[in-house]
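# What the coordinates show
What follows is the residue order along each chain.
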Amino acid sequence: MAYMQARIEKDLYMEIPHGIETRERNTKDYVLKLLANIYGQKQAERGWNQYLVSKLESIYFTQSCMDEYVFYRDKIIFIVYVDNGIFLGTSDDELSYINKELIDIGLQIEDQGHPADNVGVNIRWLSDGSYKFSQ
């Protein structure tokens, strides 16, 4: 879903995939105009990244100069991996407020609570508000 949230900057067309039935028997002469980005499209990742950066900057997140997929604001860190993200903060109230902000700026998100793992990294939230990462 993430890639589809970003706007397409110019007209993009693709060949009609095999197995798609059309009124015309010979689909070689026809193409589909994309109305949204799709996975596998060369421009999709760049478009999604630009869209996400602009949305996060609009709510005062700063992109890390060390890793372009890490954003921070006050005591909150947001880590992005392709189209998945994880917010880390020191309190549930902070994270709930961020969720509301993200929805308010038009991002489609799903709050899955405290993470147990993300992309093979085990995450444990400690009682002092810190996190322990392990593999």
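Residues numbered from 1 in each chain as written. Predicted model: local features only at pLDDT ≥ 70, side-chain atom pairs only at ≥ 80, totals over all residues. Heavy atoms only, no water.

## Side note on the pairing of strand β5 (residues 76–81)
- Residue alternation in β5 divides its side chains into a buried set, Ile 76, Phe 78 and Val 80, and an unburied set, Ile 77, Ile 79 and Tyr 81.
- Alignment of strand β4 (residues 70–73) against β5, held across four bridges, turns out to be antiparallel. Within β5, the position partnered with Tyr 72 by the bridge is Ile 77.
- Where β5 lies against strand β6 (residues 84–88), five bridges are found, and the strand directions are antiparallel. (Buried < 20%, exposed > 50% of the residue type's maximum accessible area, 1.4 Å probe, protein only. Helix = DSSP H or I, 4+ residues; strand = E, 2+ residues; numbered from the N terminus. Pairing = 2+ DSSP bridges.)

## Some words on the pairing of strand β9 (residues 131–134)
- Judged from the four bridges that link them, strand β8 (residues 121–125) and β9 form a sheet pairing that is antiparallel. Opposite Trp 125, over in β9, you have Tyr 131 as the bridge partner.
- If you look at the hairpin formed by β8 and β9, you'll find five residues sitting between the two strands, and Gly 129 has a positive phi there, around 95°.

## So, helix α3 (residues 92–104)
- The end-to-end C-alpha distance of α3 is 18 Å, a good match for the 18 Å that 13 residues give at a rise of 1.5 Å each.
- Those residues of α3 that sit buried are Leu 95, Ile 98, Asn 99, Glu 101 and Leu 102. End-on, the buried residues of α3 take up no more than an arc of 165°, which puts them together on one face. Set apart from the buried face of α3 by more than 90 degrees, the exposed residues are Asp 93, Ile 103 and Asp 104.
- A positive phi of about 95° marks Gly 106, the residue just after α3. (Expected span 1.5 Å × (residues − 1). Arc of directions from axis to C-beta.)

## Here's the deal with the packing of aromatic side chains
- For the structure on display, the rule yields three aromatic pairs.
- Centroid distance Phe 61 to Phe 87: 5.8 Å. Interplanar angle 70°. Geometry classified as edge-to-face. A residue pair is termed long-range when its members are at least 10 positions apart, and Phe 61 in the loop between α2 (44–58) and β3 (62–63) and Phe 87 in strand β6 qualify at 26 residues.
- Judged by its relative accessible area of 15%, Phe 87 is buried.
- With a centroid separation of 6.2 Å and 35° between ring planes, the pair formed by Phe 71 and Phe 78 is classed as tilted. Here the two residues Phe 71 and Phe 78 agree in accessibility, since each one is buried.
- Through a chain of ring-to-ring contacts, three or more aromatic side chains come together here, namely Phe 61, Phe 71, Phe 78 and Phe 87. (Phe/Tyr/Trp six-rings, centres within 6.5 Å; stacked < 30°, edge-to-face > 60°.)

## Some points on the sheet that holds β5
- Reading across from one edge, β3-β4-β5-β6 is the order of the four strands in this open sheet, with antiparallel pairing throughout. Looking at strand neighbours, the two that pair on one side only are β3 and β6, the edges of this open sheet.
- Bridge analysis of β3 against β4 gives two bridges, and the strand direction is antiparallel. Among the inter-strand pairings, Thr 62 is bridged to a residue of β4, identified as Tyr 72.

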